[in-house]
Each structure stands twice: as C-alpha cells, then as structure tokens.
Amino acid sequence: MGGLISGRIQGKETYDLPFENGVRELVQYPQKRPLIRLTSRPPQLETPMAVFNEGVLTPNDAFFVRYHLAGSPPSKAMLEGDAFRVSLAGAVGKPLEMTVAELVRRFEVVEVTAVNQCSGNGRGLFLPRVSGGQMGNGAMGCARWKGVRLADVLKSAELSAGARQVSFDGLDRPPTPGVPDFVKVLEMDQALDPDVLLAVEMNGEPLPWLNGFPLRLVVPGHYGTYWIKHLHRITVLDSEYKGYWMDPAYRIPDDPCAHVAPGTKPRRTIPIGRFNVRSFITSHPEGGVVRAGEMVRVRGIAFDGGAGIREVTFSADGGRNWQGAELGRDPGRFGFREWTVDWQPGGKGERVLWAKATNRLGESQPLEPLWNPAGYMRNVVESVKVRVA
Ligand SMILES: Nc1nc2c(c(=O)[nH]1)N[C@H]1C(S)=C(S)[C@@H](COP(=O)(O)O)O[C@H]1N2
Ligand SMILES: [Mo]
C-alpha cells in the first residue's frame, strides 16, 4: 500500500492515504520535513511510505509523531537543561532524582536499533472501519536509540521485595481534570529486560522535541504506547496499577491472533504487547508504472517483535507463485530488515504485488486481515498495485 502526493488544499500539498476520507495535508513541524498530518492538537504526523525506501533507519526529520493529550508536547522551556529532571520512586530503598546529564554520566550508555510502531498503525485500512486515529501504515519507524538501561537504574535504586510493576509518566499533562494522564506500565520482568532503555539520542542526535526530548523509554519489540516521551517520573509499584491508558485503553482480545469476528466485542482482553510480523513494499507506490520486458528491482522492509526475520517472499500473481527475496544486512533482531527481489513482470497490464515475511519462530502474515474493535496490530499481507506498460 503506497500513498501518493495528490494535490493541494488551500495551498498545502496533500497526501492520499488509500482509504475513504484519507486525504491529509502535508505539514512541516519543528525539526521535521513535511509529514502527513492526522491532527494538529496534539500534533500527530505520519511518515510517507516512500521514506522507508531511503534506508533501514528512518531519518529523525521524517519519524512519525503520536500524542494523546491536547496540550502536548510540553513546552521546550520545561524540557531544557537542569529544568528537566527524571525521578524514580515508590517501592525502592533509594529513590533517585537527576538531570539527563547526570543520568548518562552515572550509568553505562548503550545503543539498540529498534522499530517503534503505533498499535494503531494501519487502522484506517480496517474494514469494517473502527474509531481512533485513521492512519495509513506510516505510524512506524526504525532508529538507533542510545541511552542507559532501565534495569541498571532500577537496580541502583534497590527494588523492594514486593516490587511488581513500574509506571512511566511523561511531562505532558491532561488539558482538563477529566482527562486521564498518559501513564503506562511494564511488568517487573519486562522492566528489568536489558534491552529496555531510557534513551537520550536517536540516530546519533538528541531526540527531536516531538519524539520525546530529552528522555524517552524505548521498549524494543513492543508497541509505541509503552515508549513514553519526555519521561520524567518512574514509579515502582507493589500492587497492580489501575489507570485508563492500561485499562480500558490499549487492550487486545485475549486470543493468539488478537482478533474477533468483525463487528463483535472480545470476551476477555489483555494489554497490547509485542509486534506481530509485518512487511512492506517501499520501492513502488500504489499506481506506479513499470516497463514491460525489463527486470524490476522491488525493495521493501520487514520486522517483528524481536525474534528476527527469517524469510520474505514476493508474489505478483495473487499468491499462485512466490519468489524468495534476498535479505539485506541484519540490523539486529529489533530493526527493519531490508529485502530485495528481482522481478520479471512479463506482459502489459495490472499486477498486484505482495510481500510476506516469516520470523525465526515461524510466525508469518495472514492473507486476509484480522479484525479487532480498536484497530490494533494490523499485519495482513499488504498489496501494491502497479501497471506494466
Ligand atoms: N509523553 C507521551 N509519550 C508517548 C505518547 C504520549 O501521548 N505522550 N504516546 C505514545 C504512543 S501511543 C506512541 S505510538 C509513541 C509514538 O512515538 P513517536 O511520537 O516518537 O513516534 O509515543 C508514545 N509515547
Ligand atoms: Mo500509539
């Protein structure tokens, strides 16, 4: 599913997401190139699919932006220098509070390449349609995240024996008392996973303002909802957290494929967790044209929740024939894995291109979309229609 720059609204370029009511303005925000705007209060921006063809790392100025609370992001003055502090308190023996400069001085700095993807990436493509941000597939990106291990910081605060969960709060605040603050929680075993970082840099630069400057949580393999931006309060809990953004929000049907019959409600739900397997064709937009009789190089990306990609296959004939793709350099098990295929399109006419990835656990992508009422975890085999001319 590509999208296309389609025209103009009041002098602004527009982008056509491939579903009804999918026309969006391309708008430029601080530190960003023009991106597909979903909402302006708060700013929510999606990355055009063609950006993912530039390489396996998504440039900071093209990285998508998601917020929940209308007043977000916090003002720069609240985030800069010593004004900003991160605290760790609750069920610990030694509570901490420090600036970001102190944090990176005190703890070992490490780096991980990982995909950040919104739970609702591709929600606009759900049929029947569901409510929530109507995004195409551009609410994802892959970056090199640098920071300190959450586990190191937790251990230095001396966890109490009864410590069960850790909650994370950013500096963005609800606009009115009725709106719940955006707080997310990890179970203790997840919080102690050495891959989870308190990140200060993205692709070798300080985090962009809209992507969480000066500090954000990075939970490789897990949906973006846990990747709290402008992170300033960490609380160790000895009982189960109750709060809107953990329940009822961001929950999926308690079923191996997180789906229910279209239009129905799940009987039991659990918090959303790891990514399922996805792949995308990035080299060709929807409606693109290729030359008959010439070999065409088709390129794309694939990723999963951390097992790593084992195989990508490509079909140009509705799945009758599949051709193995060549995988690019392994960026580590949490990153975008590049793939390429040389395709001989044959005679003139329309072709529907499919890519399908399988991870190292043997998990793959369905040919028919799976449905759930919140529009989460889309991972159907996506198609791109091209014309051979
Ligand atoms: N402080 C704060 N952090 C947040 C959010 C938010 O609303 N406020 N949204 C989360 C969600 S749902 C997603 S998908 C990711 C998106 O990260 P990005 O904006 O850097 O792309 O941020 C997460 N972190
Ligand atoms: Mo999200």
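Above this text sits the structure in question.
What you see is a predicted model; the values in this text were computed from it and never measured.

K.L.:
Help me understand the overall build of the protein chain, please; the structure alone is not making it clear to me.
P.N.:
When you go through the protein chain residue by residue, the secondary structure sums to 3 helices and 26 strands. Relative to the 2.2 N^0.38 estimate, which gives 21 Å for 389 residues, the radius of gyration of the protein chain is 21 Å and therefore close to what a compact globule would have. Taken along the three principal axes of its C-alpha coordinates, the protein chain extends 70 × 50 × 45 Å. With 389 residues in all, the protein chain has 54% of them scored as buried. Restricting the contact set of the protein chain to residue pairs at least 6 apart, pairs at least 24 apart contribute 68%. Summing over all exposed atoms, the protein chain offers an accessible surface of approximately 16600 Å²; the carbon and sulfur share of this is 49%.

K.L.:
Help me out: how do you make sense of the nonpolar core in this one?
P.N.:
It is characteristic of soluble globular proteins that their nonpolar side chains tend to be buried jointly. Trp145 and Leu198 are the most contacted members of the largest nonpolar core, which has 82 residues in total. Counting residues in hydrophobic clusters, the runner-up holds 20 residues, among them Ile309, Ala316, Leu353 and Val388.

K.L.:
Help me out: how do you make sense of the environment of Arg329 in this one?
P.N.:
With respect to the element layout, Arg329 can be found in the loop between β23 (326-327) and β24 (337-343). Using a relative accessible area of 66% as the deciding quantity, one classes Arg329 as exposed. Once the C-alpha coordinates of Arg329 and Val166 are considered, the two residues, 163 residues apart in sequence, prove to be 35 Å apart.

K.L.:
Explanation requested: the packing of aromatic side chains in the structure shown.
P.N.:
Aromatic ring pairs are described here by two measures, namely the spacing of the ring centres and the angle between the planes. Under the definition given, this model contains 12 aromatic pairs. Taking the centre distance of 5.8 Å and the plane angle of 90° together, the rings of Phe52 and Phe336 count as edge-to-face. With a gap of 284 residues between them, Phe52 in the loop between β5 (44-46) and β6 (86-90) and Phe336 in the loop between β23 and β24 connect regions that are remote in the sequence. When sorted by exposure, Phe52 lands in the same class as Phe336, which is buried. Where Phe314 meets Trp343, the ring centres are 5.9 Å apart and the plane angle is 65°; that geometry is what we call edge-to-face. On the criterion of sequence distance, the pair formed by Phe314 in strand β21 (residues 309-315) and Trp343 in strand β24 is long-range, its members being 29 residues apart. The same class applies to Phe314 and to Trp343, which are both buried. Here the basic side chain of Lys229 rests over the ring of Tyr67, its NZ or CZ set 3.6 Å away from the ring centre. The cationic tip of Lys356 hangs over the ring face of Trp322; the distance from NZ or CZ to the ring centre is 5.5 Å.

K.L.:
What should I look at first to understand the sheet that holds strand β18 (residues 278-281) in this one?
P.N.:
Strand pairing in a sheet relies on backbone hydrogen bonds, with the paired strands running either antiparallel or parallel. What the 4 strands build is an open sheet, ordered β18-β20-β24-β23; its pairing is antiparallel. Single-partner strands in this sheet number two, and they are β18 and β23. For β23 and β24, the ladder comprises 2 bridges, and the chain directions are antiparallel. Residue pairing in the sheet places Glu326 in a bridge with Thr340 of β24.

K.L.:
I would appreciate a short explanation of the pattern of salt bridges in the present structure.
P.N.:
Where charged atoms from two side chains of opposite charge come close, those side chains can pair. Overall, the coordinates contain 20 salt bridges when judged by the stated rule. Between Arg144 and Glu111 there is a salt bridge, and its shortest N-O distance comes to 3.0 Å. Of this pair, Arg144 sits in strand β9 (residues 140-149) while Glu111 sits in strand β8 (residues 109-117); the two residues are 33 residues apart in sequence, bridging distant segments of the chain. What makes Arg144 partly exposed here is its relative accessible area of 30%. With relative accessibility at 39%, the residue Glu111 sits in the partly exposed group. A network of salt bridges, in which partner residues are shared, links Asp169, Arg173, Asp181 and Arg233.

K.L.:
Explanation requested: the side chain of Ser119 in the structure shown.
P.N.:
Within the secondary structure, Ser119 is located in the loop between β8 and β9. Discounting residues that sit within four places of it in the chain, Ser119 has contacts with Tyr223, Thr225, Tyr250, Ile272, Gly375, Tyr376 and Met377.

K.L.:
Help me understand the site of ligand 1, please; the structure alone is not making it clear to me.
P.N.:
The full set close to ligand 1 counts 19 residues, and Phe64, His68, Asp172, Arg216 and Lys229 are the nearest of them. Side-chain polar atom of Asp172 to a nitrogen atom of ligand 1: 2.7 Å apart, as the coordinates give it. One of the side-chain nitrogen or oxygen atoms of Arg216 is found 2.6 Å away from an oxygen atom of ligand 1. Protein chains bury 100% of the 530 Å² of accessible surface belonging to ligand 1 in isolation. The cavity that encloses ligand 1 is the largest cavity.

K.L.:
I'm lost on the side chain of Asn359 in this one. Help?
P.N.:
Tracing the backbone through its elements, the reader meets Asn359 in strand β25 (residues 349-359). At a separation of 3.0 Å, a polar atom in the side chain of Asn359 contacts the side chain of Asp304. Only 2.9 Å separates the side chain of Asn359 from the backbone nitrogen of Leu361, close enough to count as a polar contact. Each residue touching Asn359, except ones within four places of it in the same chain, is listed here: Val277, Asp304, Ala307, Gly308, Ile309 and Arg310.

K.L.:
What's the story with the layout of surface pockets in this structure? I'm lost.
P.N.:
Gaps left between atoms show up when a probe the size of a water molecule is rolled over them. By volume, the largest pocket amounts to about 660 Å³. For the largest pocket, the lining is made up of 35 residues, of which Pro256, Arg274, Phe275, Asn276 and Met377 are closest to its centre. Of all the secondary structure elements, the ones that give two or more residues to the lining of the largest pocket are β11 (183-187) and β17 (269-271). Per-element accounting of the lining of the largest pocket gives the leading share, 3 residues, to β11. Residue composition of the lining of the largest pocket, by class: 19 nonpolar, 11 polar and 5 charged. Looking at which domains feed residues into the lining of the largest pocket, each of domain 2 (76-249) and domain 3 (278-388) gives three or more.

Calculation rules
- Residues numbered from 1 in each chain as written.
- Chains lettered and ligands numbered in written order.
- Predicted model: local features only at pLDDT ≥ 70, side-chain atom pairs only at ≥ 80, totals over all residues.
- Heavy atoms only, no water.
- Helix = DSSP H or I, 4+ residues; strand = E, 2+ residues; numbered from the N terminus.
- Rg over C-alpha atoms; globule rule 2.2 N^0.38 Å.
- Buried < 20%, exposed > 50% of the residue type's maximum accessible area, 1.4 Å probe, protein only.
- Contact = heavy atoms within 4.5 Å.
- Areas by Shrake-Rupley, 256 points an atom, 1.4 Å probe, with all protein chains shown as cover.
- Core = buried A, V, L, I, M, F, W, Y, C linked by side-chain atoms within 4.5 Å.
- Phe/Tyr/Trp six-rings, centres within 6.5 Å; stacked < 30°, edge-to-face > 60°.
- Lys NZ or Arg CZ within 6 Å of the ring centre and 35° of its normal.
- Pairing = 2+ DSSP bridges.
- Salt bridge = Lys/Arg side-chain N within 4 Å of Asp/Glu carboxyl O.
- Near = heavy atom within 4 Å.
- Polar contact = N/O pair within 3.5 Å; in protein donor to acceptor, adjacent residues only side chain to side chain.
- 1 Å grid on protein atoms, 1.4 Å probe; cavity = no way out; pocket = protein on both sides within 12 Å on 5 of 7 lines; lining within 4 Å.
- Sits in = over half its atoms within 2 Å of the grid points.
- Points joined across faces, edges and corners; volume = space filled by probe spheres on them.
- Nonpolar A, V, L, I, M, F, W, Y, C, P; charged D, E, K, R; others polar.
- Domains from an automatic or database assignment.

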